[in-house]
Structure formats: structure tokens, C-alpha cells
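# Structural description and commentary
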Amino acid sequence: MKNTLYIIGNGFDLFHQIPTAYINFRKYIFTKNITLKEWLNNIYGPSAIQNDMWWSYFETMLGQVDYANISKVKQGTALAPNMVDNLNTNLSLFFGNWIKEVNTNIRTDISPIEELDSSSLFFTFNYTMLLEKVYQINSDNIWHIHGSIDEFKKNQKAIIVGHDIDMGQLLQYSSTSQFKNIPLAYLDLINQAVGKGAKKVHDRIESNLDKFNSYTDIIHFIVMGFSFNDIDMPYIKKIIDVNNNIHNTKWTIYWHTEGEDTAIIEKLQHLNIKKEQITTKYW
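Everything numeric in this text was worked out from a predicted model, so none of it was measured.

### So, the overall build of the chain
From N to C terminus, the chain includes 16 helices and six strands. In terms of overall size, the chain behaves like a compact globule, its C-alpha atoms giving a radius of gyration of 20 Å where 283 residues would be expected to give roughly 19 Å. Along the three orthogonal principal directions, the C-alpha set of the chain runs to about 60 × 40 × 35 Å. Residue pairs in contact within the chain that sit at least 24 positions apart in sequence constitute 75% of those at least 6 positions apart. Roughly 14,400 Å² of accessible area belongs to the chain as shown, and the carbon and sulfur atoms make up 48% of that amount. Side chains of the chain carry 26 positive and 30 negative charges; the gap between the two charge centres is 5 Å.

This is the structure in C-alpha cells:
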């Protein structure tokens, strides 16, 4: 029985010099997808999408529409909900086409991480086939929780990307003072459209309970390139909750940016993982 689980985030691909940061997606949009750029400009404001920090939190920011800006766009009041719907409907397609282009350029001569155990299980947030192409890991041992580019080639809806803000949070955000002069009915129409773009993480967990339950006997968790961002934390919590003996597990955290190790340890402690269970490695 396999008892080691690798939790893989985008930092893993970046470590292998694969340009999969959201800032790379912005460059792709700005040069190859003027339609998407225009939608983002209208929905979130041009100053927002020019901001590097906005792209650092891209998925979260998708739930924070600039209602004032979109209402000023030509016919914005009438067409704004349709514009947001178009973004939601096509984002996976545009995102998948970008990842497909990136994935095609993965070099198989990349120096692999020698200590990585290819016989283990892998829970990855990444869409590329790096694990399969470079490390030759059996696809049965890999769960691409938000879909993979291979799945995208079979079904263009397989790529999951979006915010995870619920309607309550949307109502709270749209009721702030900066939007006080915008009619409530208009805000509601936009919020209904924005809500359709949610990743619905909890629903995805509930529909995949059997897969999560396959992790009940994991004794060693190895985290590579995952920053424990809030939007994906429910997955980690579920992996911990299903474990049969979580307080006797080991956690190895690979970190790169200064302070990243401390932040991850704190987040794990909030999930009742004790500090003495955690080992950190710089890479």
C-alpha cells in the first residue's frame, strides 16, 4: 500500500522553469487573446489587470468585480451580466489553450528532483503533464484535482479555474461604500453572473469522497510548490480529516521564498498539525 502523498502546487512547475505563473497567463492574453483582455478590462478595470499583484491573486480577484467600471462601459448596464457570463463560459477554454501551449514546450531533459519517489501518490493542483512526462509517473497514481491538459484535450470543460466566493461574500463586497451609488438590482444581476464562476471547492470535495478516502493511510506528506492559499485549503483540510492517524504523520515542506516555510507551518498548525511533525527543506 502506498503511504506517501505528494501535494504539488504551481511552484513545482516553476521550479522546473515552466512558465505557468498567472503573470505568464497575462502575457499570453495581452498578446494572443484581445477578446479576453477586453472583458477583463471592462469587468475589473484596466488599472487592476495591469497590476502584478492582481495577477498574483488571479483566481480570488475574479470574484471582485469593479461594478462602477463595468457600468460605464458602452451599454454596460444592459450587457454587463452577459459579459461576465461570457468570461465564465470561456475562461476554461482560454486557460486550457494557454496551458496546452506551455505543456507542449516541456523539456524532457529537465534535471529531475532526485529524491522524489515516483512510486508514491500525487495530489496536484497543476494542469501540465510534467509528472508524467519528466518523472514517468503512472497516471493512476496522480490526481489532477482541477483537471489536466490531457483531460482538456478530450473535454474542454475539464480545466477548472475560478474564484470560490459565495453569494454571501459577493453581497458583502458589493455593499461596500465604493459602490453605494450603483442600483441594488444592477448589483444583484452582476453578482448572479459572478457567482456562476465559482470553483465550488466544497461541491468538488463531496463528489470525490472515494478518492479522498484513498488517502486514509498516508503517513508521510511531502509538499512541493504549494503555498496553502485560502481558496484551496478545503482540499488540504479534507485530506487531513480522512487520515486514520494524522498526529503520527510526517510532513516535509519544500520552500523557496523567504518566510514561506514559516507561513506554511502556521497554516498547518491551524489544521492541528504539530510543529514537531514538520520538516522543512529549501530548494
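Having put the structure on the table, let's press on.
### Some thoughts on the packing of helix α11 (residues 167-174) against helix α12 (residues 184-195)
Interhelical geometry of α11 versus α12 gives an angle of 140 degrees and a closest axis separation of 10 Å. Taken together, the axis directions place α11 and α12 in an arrangement best described as oblique. Regarding α11 and α12, the two cross each other, and that crossing is right-handed. Across the interface between the two elements, Met167, Leu170, Leu171 and Ser174 of α11 pack against Leu187, Asn191, Gln192, Val194 and Gly195 of α12. When grouped by side-chain class, the residues that make up the contact of α11 with α12 number five nonpolar, four polar and no charged.

### A look at the sheet that holds strand β5 (residues 250-255)
If you trace the six strands from one edge of the open sheet to the other, you get β3-β2-β1-β4-β5-β6, paired in parallel fashion. Edge positions in the open sheet fall to β3 (142-144) and β6 (278-282), since each of these has one partner strand only. In this sheet, adjacent strand axes meet at a mean angle of 15 degrees when their direction is disregarded. Here helix α16 (residues 260-270) sits on the sheet in contact with β5 and β6, set at roughly 150 degrees to β5.

Thresholds applied
- Residues numbered from 1 in each chain as written.
- Predicted model: local features only at pLDDT ≥ 70, side-chain atom pairs only at ≥ 80, totals over all residues.
- Heavy atoms only, no water.
- Helix = DSSP H or I, 4+ residues; strand = E, 2+ residues; numbered from the N terminus.
- Rg over C-alpha atoms; globule rule 2.2 N^0.38 Å.
- Contact = heavy atoms within 4.5 Å.
- Areas by Shrake-Rupley, 256 points an atom, 1.4 Å probe, with all protein chains shown as cover.
- Lys, Arg positive; Asp, Glu negative; His and termini not counted.
- Charge placed at Lys NZ, Arg CZ, Asp CG, Glu CD.
- Axes fitted to C-alpha atoms, helices over the stretch in contact; angles between N-to-C directions.
- Parallel < 35°, antiparallel > 145°, perpendicular 65-115°, else oblique.
- Left-handed = near helix turned anticlockwise from the far one by under 90°.
- Nonpolar A, V, L, I, M, F, W, Y, C, P; charged D, E, K, R; others polar.
- Pairing = 2+ DSSP bridges.

Note that all results are geometric; they support no functional claim without further evidence.
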